[in-house]
Amino acid sequence: QKEVEQDPGPLSVPEGAIVSLNCTYSNSAFQYFMWYRQYSRKGPELLMYTYSSGNKEDGRFTAQVDKSSKYISLFIRDSQPSDSATYLCAMSARSSGSARQLTFGSGTQLTVLP
Amino acid sequence: DVKVTQSSRYLVKRTGEKVFLECVQDMDHENMFWYRQDPGLGLRLIYFSYDVKMKEKGDIPEGYSVSREKKERFSLILESASTNQTSMYLCASSFGTPSFTSPRSEQFFGPGTRLTVL
């Protein structure tokens, strides 16, 4: 079983829809959670980061962490065609040795149709 | 802005050739990483380095080696390229060791090198 599970999709939605992307994880030591966006043939870019449980909002994007359920989400409101990309979740533990490393989900491919 | 650059966007090599992939970051980051990304398999860590001349194996180091002679530069070497090493190679860098008061550990990625081995 992978430490981080992410539905690969593909997910296709109409423009303006609310998108929900999710990851589950098994390692209770994970404390720091990130979402990356990767456009086709480009490197991933950091979109959102959160520390421990709770919500964080940035414009149309909201990241949510539920540590009790080991579940994280990224919500995209009023989705746009420019949001079409692969979204990867990533997380790290807080112990000094492994905290440098990130564990990634496999990514969800999202297409927003105009 | 953090900038991570990779020496080539596209590379085509033949089986058995020695291949060098170069990565440079300009933010004085301590940590640097090499991943490969394949459809359905996600990002897999090949090697990482947290200091000059230091290296640690990742999940799939076989067939690869690395070199970090300067803090800003991290090289990935394929000693004898094989067709199963055809992939997208991504370099990343990050700040030092996360701590309780400063837990951030996000990595910044380069644009990637798409390597094809014929």
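Scroll up to find the structure.
1. Thoughts on the overall build of chain A
Broken down by element type, chain A carries zero helices and eleven strands. Each helix and strand of chain A, ordered N terminal to C terminal, gives the series β-β-β-β-β-β-β-β-β-β-β. Relative to its length of 114 residues, chain A is compact, with a C-alpha radius of gyration of 14 Å against a globular reference of 13 Å. For chain A, the spread of C-alpha atoms along the principal axes amounts to about 45 × 30 × 25 Å. Of all 114 residues assigned to chain A, the portion counted as buried reaches 42%.

2. Here we look at the interface of chain A and chain B
Across the boundary between the two partners, chain A contributes 22 residues, which contact 27 residues of chain B. For the pair chain A and chain B, the summed buried area comes to about 2100 Å², and 58% of that belongs to carbon and sulfur atoms. The tally of links between chain A and chain B comes to five residue pairs in polar contact (both at pLDDT 80 or more). Class assignment of the residues belonging to the side of chain A that touches chain B gives a composition of eleven nonpolar, six polar and five charged.

3. Describing the sheet that holds strand β3 (residues 19-25) of chain B
Backbone-to-backbone hydrogen bonds join strands into a sheet, with any given pair of strands oriented parallel or antiparallel. All names here are of chain B. Within the open sheet, the four strands sit side by side as β1-β3-β8-β7. Their pairing is antiparallel. Only two strands of the sheet have a single neighbouring strand rather than two, namely β1 (4-6) and β7 (64-70). Between one strand axis and the next, the sheet turns by 20 degrees as a mean value, whatever way the strands run. Sheet topology places β1 next to β3; three bridges connect them, and they run antiparallel. In the sheet register, Thr5 faces β3, and the bridge partner there is Val24.

4. Digging into the packing of aromatic side chains
For the structure on display, the rule yields twelve aromatic pairs over all chains. Taken together, a centroid distance of 5.8 Å and an interplanar angle of 50 degrees make the contact between A:Tyr36 and A:Phe104 tilted. Linking A:Tyr36 in strand β4 (residues 30-38) with A:Phe104 in strand β10 (residues 103-104), this pair joins segments that are 68 residues apart in sequence. The buried category is assigned to A:Tyr36, whose relative accessible area is 0%. You can call A:Phe104 buried: its relative accessible area is 11%. By way of ring pairs, the aromatic residues A:Tyr36, A:Phe104, B:Phe33, B:Tyr35, B:Phe48 and B:Phe109 are connected into one cluster.

How each quantity is defined
Residues numbered from 1 in each chain as written. Chains lettered and ligands numbered in written order. Predicted model: local features only at pLDDT ≥ 70, side-chain atom pairs only at ≥ 80, totals over all residues. Heavy atoms only, no water. Helix = DSSP H or I, 4+ residues; strand = E, 2+ residues; numbered from the N terminus. Rg over C-alpha atoms; globule rule 2.2 N^0.38 Å. Buried < 20%, exposed > 50% of the residue type's maximum accessible area, 1.4 Å probe, protein only. Contact = heavy atoms within 4.5 Å. Buried area = accessible area lost by both parts, 1.4 Å probe. Polar contact = N/O pair within 3.5 Å; in protein donor to acceptor, adjacent residues only side chain to side chain. Nonpolar A, V, L, I, M, F, W, Y, C, P; charged D, E, K, R; others polar. Pairing = 2+ DSSP bridges. Axes fitted to C-alpha atoms, helices over the stretch in contact; angles between N-to-C directions. Phe/Tyr/Trp six-rings, centres within 6.5 Å; stacked < 30°, edge-to-face > 60°.

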